[in-house]
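Okay, here's what each chain looks like letter by letter:
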Amino acid sequence: MTIHWCGTGLSAIPGLRRLIEAGHEVTVWNRSIGKAQDAVGDLTQRIQAFDMDALTAEVQAGDIVVSMLPGDWHVPLAELCLTKGAHFASSSYIAPEMRALHARAEAAGLTFVNEIGLDPGIDHLMAHALIADYRASGEVDPENDLTFLSYCGGIPKHPNAFRYKFSWSPLGVLKALRSPSRSIRDHAELRVDRPWDAISSYSAPLPAPETFEVYPNRDSLPFIEDYGFDPNWRIKEFVRGTLRLNGWTEAWADVFKEVETLQGPEGDARLREMSDTFWGEHAYDEGEPDRVVMCVSLKAERDGATVWHKTYVMDAWGDERGTAMARLVSIPLSMAIESALAGELPAGVSPAPHDPALVDRYLAEVRRLAQHVELVDHLAG
C-alpha cells in the first residue's frame, strides 16, 4: 500500500516526514520537484512532478491519496480514488461535493477521511472527548443549558502592531472576512454577514490567563450533530470560531472597511493586490516563532448554576521542530492516514475520528506537539 502525498506546502512537511521516517511506502507529488526535494529529499528520492495522468497511472487499489493541494483539487483526487479503489485523506473541511461521494465510497469500502488537521481536526478530537466526559459525569439532564465554545487562532508569538502575521498567502484570510457565519447565542440562531459584526472577548484559561478577541466563523450548526449532542439537549450557545490577539479589530479597521466595499472581478483583483501587500509587510521572518492557541469548552448550567464545566486549552509555538502550525496540521493528518490504512476508520466520507480509543491516541500525540495542553475543570476545588 502506497501513500501518494500530493503537495509539499509549509503546513505539509512534518507529517510527511513522519510517515517516511516511519518506513511507510510514500511517493511525493508536487508541482515543483525542487521544492519537494528541499522538503524531503534527504529522506526519499520517490518524488514526482504532480500530474493527474501520471498519478492515475501509479495509484493502485488499497493505496491512499493525500491532498495537501489547494481545495479545488480535493474532489478530483477523491474521484480518482473511487475509480482506482484507493482511500483518500485531507485536512480540509468537507465540501458538499466531497460529502456527495459518501455513498459510493462507503459501498466500495473506501475511507475518505477529512477534517483532521488543526482546525478542523484537533478541535473535533477535543470536542468528542468533552462530550464523552460530560456523558459519563452523572450531570447530564435535559433541563441543563449547554454552552459549547471552540476557538482557535494562529497568532504571532511576538505580537506586532498589525496584531497578526502570515505563514502563507494572506488571500485565504482576506476571503474569509467576506464569509457569513451561523452559530447559536441565547438559545437562538445567530447569523452574521461579516466577522467584525460579532467580535467579542474571551478569557483563555491558560496558566497565565490571557484575553483574546474571538468571532464565529463558517456554519457551526452541523457540528452539533457531528459532536453527538442529543436532540433533546438545550443549547444556550454553540459556536466554532476564530481567535485573534487583543487589538486586532482596531489594527484591521481599515481592512474591514475596504473589504466590505469589494465586489465582482475588480473586487477580487483588489483582494489579491491587498494579499500581495500584506505578504510583503506582515509575513513571518525566517525562523520567527508562530503561536497557536486553541480552547474547546463545554459548560452545563441548571437553574442558573453551573453543574459541569471543562475546557481543553492548547498553547503551542514554533521551536526547533519548526512552526507550530505545520506540525499541528500535518501530524494529526499523518496519524489518520495510518488509521485509514489499518482499517481503523469507517468507510465513506468522514471527519476526524470520534472513536474514544483513537481520540485518546491522537490527543496524546497532540500533547507532545504543543508546549501546553490541559483539561481545565472549572469546578475543581
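Within an unreviewed UniProt entry, the label attached to the protein reads Saccharopine dehydrogenase (NADP+, L-glutamate forming), and the organism entered is Roseovarius nanhaiticus.

Some remarks on the overall build of the protein
Regarding its fold elements, the protein presents 14 helices and 16 strands. With the C-alpha coordinates aligned to their principal axes, the bounding extent of the protein is approximately 60 × 50 × 40 Å. When the 381 residues of the protein are sorted by exposure, 53% land in the buried category. Restricting the contact set of the protein to residue pairs at least 6 apart, pairs at least 24 apart contribute 69%. By element, 49% of the accessible surface of the protein is carried by carbon and sulfur atoms, the whole surface being about 16,700 Å². Averaging the positions of the 35 positive and the 56 negative side-chain charges in the protein gives two centres separated by 1 Å.

Quick look at the sheet that holds strand β1 (residues 3–6)
Within the open sheet, the seven strands sit side by side as β3-β2-β1-β4-β5-β6-β15. Their pairing is parallel. Because the sheet does not close on itself, it has two edges, and the strands there are β3 (47–49) and β15 (348–350). With strand direction ignored, the average angle separating the axes of adjacent strands in the sheet is 20 degrees. Pairing geometry for strand β6 (residues 111–113) and β15, over three bridges, is parallel. Of the residues in β15, the one forming a bridge with F112 is V349. Set on the sheet, helix α1 (residues 13–21) makes contact with β1 and β2 (26–30); between it and β2 the angle comes to about 150 degrees.

Some thoughts on the UniProt feature "domain: Saccharopine dehydrogenase NADP binding" (unreviewed entry) in the protein
Under the UniProt annotation, the feature "domain: Saccharopine dehydrogenase NADP binding" (unreviewed entry) is placed at residues 20–113. Counting secondary structure, residues 20–113 comes out at 40% helix and 20% strand; the distance between its end C-alpha atoms is 20 Å.

Here we look at the state of the cysteines
What we call a disulfide is simply a covalent bond connecting the sulfur atoms of a pair of cysteines. Counting across every chain of the model gives zero disulfides. Free cysteine: C81, not disulfide-bonded; nearest cysteine sulfur from C6 at 8.6 Å. In this structure C152 is not part of a disulfide, and its nearest cysteine sulfur, from C295, lies 9.0 Å away. C152 gets classed as buried once you look at its relative accessible area, which sits at 8%.

Looking at the pattern of salt bridges
Following the criterion strictly, the structure yields 27 salt bridges and no others. Notably, a salt bridge pairs D42 with R17, separated by 2.9 Å at the nearest N-O pair. Of this pair, D42 sits in the loop between α2 (33–40) and β3 while R17 sits in helix α1; the two residues are 25 residues apart in sequence, bridging distant segments of the chain. Residue R178 pairs with D268 through a salt bridge whose shortest N-O separation is 3.2 Å. A residue pair is termed long-range when its members are at least 10 positions apart, and R178 in the loop between α8 (171–176) and β8 (181–185) and D268 in helix α12 (residues 264–282) qualify at 90 residues.

Thoughts on the side chain of N160
With respect to the helices, strands and loops of the structure, N160 is situated in the loop between β7 (145–156) and α8. Classification of N160 as buried rests on a relative accessible area of 16%. Among the polar contacts listed, one links the side chain of N160 to the backbone oxygen of Y164, at a separation of 2.9 Å. In this structure, N160 is in contact with K165 and H282, ignoring residues within four places of it in sequence.

Examining helix α7 (residues 122–135)
With 14 residues, α7 should cover 20 Å at 1.5 Å per step; its first-to-last C-alpha distance of 20 Å lies within 8% of that length. Taken across its 14 residues, α7 has eleven buried, putting it largely inside the fold. Of all the positions in α7, only I122, D123, H124, L125, M126, A127, H128, A129, L130, I131 and Y134 are classed as buried.

Here's the deal with the domain arrangement of the protein
Here the domain parsing of the protein yields domain 1 (3–113) and domain 2 (122–322 + 356–377). A straight line from the C-alpha centre of domain 1 to that of domain 2 covers 27 Å.

Remarks on a nonpolar patch on the surface
A contiguous nonpolar surface patch, about 340 Å² in accessible area, is contributed by L10, W168 and W279. Position of L10 among the secondary structure elements: in the loop between β1 and α1.

So, the nonpolar core
Counting residues in hydrophobic clusters, the biggest one holds 71 residues, and the most contacted among them are W5, L118, F229, M314 and I337. Apart from residues lying up to four places away in sequence, I337 is in contact with I3, W5, L19, I64, V66 and A89. Listed in part, the 22 residues of the second largest apolar core include V59, L77, M98 and V349.

Describing the packing of aromatic side chains
Under the counting rule described, the total for this entry stands at 25 aromatic pairs. Here the aromatic rings of F229 and W233 are separated by 5.5 Å at their centres, their planes lie at 70 degrees, and the arrangement is edge-to-face. Here F229 matches W233 in class, with each residue buried. Three or more aromatic residues joined by ring pairs make a cluster, and in this case those are Y93, Y134, F148, F223, Y227, F229, W233, F238 and W308. Above the plane of the ring of W317 lies K157, whose end atom (NZ or CZ) is 4.9 Å from the centre. The ring of F223 has R240 sitting right over it, with the charged end atom 4.2 Å from the ring centre.

The rules behind each value
- Residues numbered from 1 in each chain as written.
- Predicted model: local features only at pLDDT ≥ 70, side-chain atom pairs only at ≥ 80, totals over all residues.
- Heavy atoms only, no water.
- Helix = DSSP H or I, 4+ residues; strand = E, 2+ residues; numbered from the N terminus.
- Buried < 20%, exposed > 50% of the residue type's maximum accessible area, 1.4 Å probe, protein only.
- Contact = heavy atoms within 4.5 Å.
- Areas by Shrake-Rupley, 256 points an atom, 1.4 Å probe, with all protein chains shown as cover.
- Lys, Arg positive; Asp, Glu negative; His and termini not counted.
- Charge placed at Lys NZ, Arg CZ, Asp CG, Glu CD.
- Pairing = 2+ DSSP bridges.
- Axes fitted to C-alpha atoms, helices over the stretch in contact; angles between N-to-C directions.
- UniProt positions renumbered as here; feature names shortened; annotations may be inferred.
- Disulfide = S-S within 2.5 Å.
- Salt bridge = Lys/Arg side-chain N within 4 Å of Asp/Glu carboxyl O.
- Polar contact = N/O pair within 3.5 Å; in protein donor to acceptor, adjacent residues only side chain to side chain.
- Expected span 1.5 Å × (residues − 1).
- Domains from an automatic or database assignment.
- Patch = residues over 30% accessible without salt bridge, like charges linked within 9 Å, V, L, I, M, F, W, Y side chains within 5 Å.
- Core = buried A, V, L, I, M, F, W, Y, C linked by side-chain atoms within 4.5 Å.
- Phe/Tyr/Trp six-rings, centres within 6.5 Å; stacked < 30°, edge-to-face > 60°.
- Lys NZ or Arg CZ within 6 Å of the ring centre and 35° of its normal.

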